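Descriptive analysis of the structure
Here's the letter readout for the chains.
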Amino acid sequence: MKCEKCDREFSEEEAREYPNKIRVHRNKLICEHCLVDMGVTLNETEPFWTYIDTRTDLGRMGG
Ligand SMILES: [Zn+2]
């Protein structure tokens, strides 16, 4: 996975171990550094894994 703003890449391992490093903001993957840059707080974002789970659930229900 990679940050959609700065193109920095993160491994799944990193995302699991440090869930704050890469977050989901308005359906985009954004790294912690860019979030700070944008003035977005962690409370306004979702953890990557929650985001994936949500999408999977929606898929199961048929959208
Ligand atoms: Zn970034």
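We now turn to the structure provided with this report. (Residues numbered from 1 in each chain as written. Predicted model: local features only at pLDDT ≥ 70, side-chain atom pairs only at ≥ 80, totals over all residues. Heavy atoms only, no water.)

**Digging into the coordination of the zinc ion**
The zinc ion binds to the protein through Cys3 (SG), Cys6 (SG), Cys31 (SG) and Cys34 (SG), with metal-donor distances spanning 2.3 Å. Each of the four donor atoms bound to the zinc ion contributes to angles spanning 105 to 116°, and the resulting shape is tetrahedral. In primary-sequence terms, the residues that donate to the zinc ion follow C-x2-C-x24-C-x2-C. (Donors = N, O, S within 2.8 Å, 3.2 Å for Na, K, Ca; no water. Tetrahedral: all angles 85-135°; square planar, octahedral: opposite > 155°, others 65-115°.)

**Here we look at the sheet that holds strand E1 (residues 22-25)**
The sheet built from three strands is open, its strands ordered E2-E1-E3 with antiparallel pairing. Lying at the two open borders of the sheet, with one neighbouring strand each, are strand E2 (28-31) and strand E3 (46-47). Sheet topology places E1 next to E2; four bridges connect them, and they run antiparallel. Within the sheet, the bridge partner assigned to His25 lies in E2 and is Lys28. (Pairing = 2+ DSSP bridges. Helix = DSSP H or I, 4+ residues; strand = E, 2+ residues; numbered from the N terminus.)

**Thoughts on the environment of His33**
Positionally, His33 belongs in helix H2 (residues 32-38). Between the C-alpha atoms of His33 and Glu13, which are 20 residues apart in sequence, the distance is 18 Å.

**Here's the deal with the side chain of His25**
With respect to the element layout, His25 can be found in strand E1. The exposure class assigned to His25 is buried, which follows from its relative accessible area of 10%. Not counting the four nearest positions on each side in its chain, His25 is found in contact with Ile30, Leu35, Met38, Val40, Glu44 and Thr45. (Buried < 20%, exposed > 50% of the residue type's maximum accessible area, 1.4 Å probe, protein only. Contact = heavy atoms within 4.5 Å.)

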